[in-house]
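Overview (structure and organization)
Residue-level listing of the chains:
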Amino acid sequence: MKHFSKQNILDLEKVKRLNIMNSITGIKPGNLIGSIDDNNENTNLAIFSSVVHLGSHPALLGFILRPQINVRRDTYNNIMSNGYYTINHLPNDSTLNGHYTSAKFENDESEFKHCNFTEWYHSDFKAPFVKESPLKIGLKFQESIPIKINNTIMIVGSVEHVFVEEQSISAEGYIDLEKLNTTGIGGLNSYYNLQKIDTYPYVRRKDVPNFG
Ligand SMILES: Cc1cc2nc3c(=O)[nH]c(=O)nc-3n(C[C@H](O)[C@H](O)[C@H](O)COP(=O)(O)O)c2cc1C
C-alpha cells in the first residue's frame, strides 16, 4: 500500500497534492447552487461538492466556500446580499454541463443559459431552482462560519422548500438516489453514477453477529 506522510504530502507537486487531497474523502454529493443578485437581474449557477447535512430539526445544510481573496465569487455575493439560494442535485445525464458551471463567467453572464440549464421559480421564492434537477432545495441564509486556518467559509442555511421526484421517495421517507439518477463526485473532476447496495434497519448492539 502506498504511504504518504505529512512531509511527503508537503513535498508533492502542487496539482498532484490538490488531486490527492480532494479525493481522499471518497464520494461527495454533486450539487448545483443557484442564486440571483439583489436587483433580480443576474442569475448564477455553480457546482459544489461540499454540501453537508447539519441537522433535521431545524433542517439545516452547510457548504464550504473557497477563499474570497482576490477572486469574485458570485454565489457568495448573491447569498450575502439577498439571503436566498437553491441547492439542486446534479442529474447524471448533465455532468459535463454541470462541470462547465465551474468556469469563471462574467457576473452578468448566467451559467443557466451558458451551461444549458433552465431556471425554475416557486411562488415568491426569489432564488432560481434548476428545472432539470430531480431534487431541488430552497434555502435561507442563516450563518457564515469562517474557517481561519485556510480562509474558507462554511455557509449555513435553513431548508425552506424541498422538491423531489415522487417515485424516488418511500413511505418512510427514504430517498433512493439511484432512482433519482443524480451524481457523486470524486476529487475535482470525476463524476460517478450512484448504485444502491442495500438498505438496513436501525442497528442495536444485539443485532451485530459475533464475528469471533
Ligand atoms: C467538481 C467541482 C466541485 C466544486 N466544489 C466546490 C466547493 O465545494 N466549494 C467551492 O467554493 N467551490 C467549488 N468548486 C468551484 C466552483 O464551482 C467555482 O469556483 C465556481 O466558479 C464558483 O462560481 P461563482 O463564482 O459563480 O460562485 C467546485 C468545482 C468543481 C469542478
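The rules behind the values
- Residues numbered from 1 in each chain as written.
- Predicted model: local features only at pLDDT ≥ 70, side-chain atom pairs only at ≥ 80, totals over all residues.
- Pairing = 2+ DSSP bridges.
- Helix = DSSP H or I, 4+ residues; strand = E, 2+ residues; numbered from the N terminus.
- Near = placed C-beta within 6 Å.
- Buried ≥ 20, exposed ≤ 12 C-beta atoms within 10 Å, placed from the backbone.
- Axes fitted to C-alpha atoms, helices over the stretch in contact; angles between N-to-C directions.
- Contact = placed C-beta atoms within 7 Å.
- Core = buried A, V, L, I, M, F, W, Y, C linked by C-beta atoms within 7 Å.

Turning next to the sheet that holds strand 11 (residues 183-186). Reading across from one edge, 1-11-12 is the order of the three strands in this open sheet, with antiparallel pairing throughout. Each edge of the open sheet carries a strand with a single partner, namely strand 1 (28-29) and strand 12 (190-193). Across four bridges, the pairing between strand 11 and strand 12 is antiparallel. The residue bridging Thr183 from the neighbouring strand is Asn193, located in strand 12.

Close to the ligand lie 18 residues, the nearest being Ala46, Ser50, Asp74, Thr75 and Ser102. Looking at the shell around the ligand, the elements that each hand over two or more residues are strand 3 (43-48), strand 5 (59-65) and helix 3 (74-82). If you tally residues by element for the shell around the ligand, the top one is strand 3, at four residues.

Examined against the element boundaries, Ser94 turns out to sit in the loop between strand 6 (84-89) and helix 4 (95-100). Its 21 C-beta neighbours within 10 Å are what place Ser94 among the buried residues. Put simply, Ser94 and His3 are 91 residues apart on the chain and 36 Å apart in space, counted from C-alpha to C-alpha.

Strand order across the open sheet formed by seven strands is 3-2-6-9-10-5-4, with antiparallel pairing between neighbours. The outermost strands of the open sheet, each flanked by one partner alone, are strand 3 and strand 4 (52-56). Neighbour-to-neighbour, the strand axes of the sheet open up by a mean angle of 30°, direction not taken into account. Of the strand pairs in this sheet, strand 2 (residues 31-36) and strand 6 are connected by four bridges, and their pairing is antiparallel. Across the sheet, Leu32 pairs through a bridge with Asn88, a residue of strand 6.

Bringing the pairing of strand 11 into the picture now. Side chains Thr183 and Ile185 project from strand 11 onto a buried face, and the interleaved Gly184 and Gly186 project onto a face without burial. Where strand 1 and strand 11 come together, two bridges link them in antiparallel fashion. Looking at strand 11, one finds that Pro29 is bridged to Gly184. Hairpin connection, strand 11 to strand 12: the antiparallel pair is bridged by three residues, and Gly187 has positive phi, about 60°.

Quick look at the environment of Ser110 now. Along the chain, Ser110 falls in the loop between helix 4 and helix 5 (111-114). A residue is classified by how many C-beta atoms lie within 10 Å of it, and Ser110, with 21 of them, is buried. The sequence separation of Ser110 and Asn8 amounts to 102 residues, and the corresponding C-alpha distance is 41 Å. Not counting residues within four places of it along the chain, the set of residues in contact with Ser110 comprises Asn42, Thr43 and Asn44.

With that out of the way, let us pick up unusual backbone geometry. A cis geometry characterises the amide bond from His57 onward to Pro58, with omega recorded as 10°. Here the phi dihedral of Ser123 falls at roughly 45°; this positive angle occurs in a residue that is not glycine. Along the polypeptide, Ser123 turns up in the loop between strand 7 (119-120) and strand 8 (129-130).

The biggest cluster of nonpolar side chains holds 21 residues, and the ones touching the most others in it are Leu32, Ile33 and Leu45. For this core, the secondary-structure elements that each account for two or more residues are strand 2, strand 3, strand 6, strand 8 and strand 9 (135-147). The element contributing the most residues to this core is strand 3, with four residues. Here Leu45 is in contact with Leu32, Gly34, Thr101, Glu111, Phe112, Cys115, Phe117 and Val130, once residues within four sequence places are set aside.

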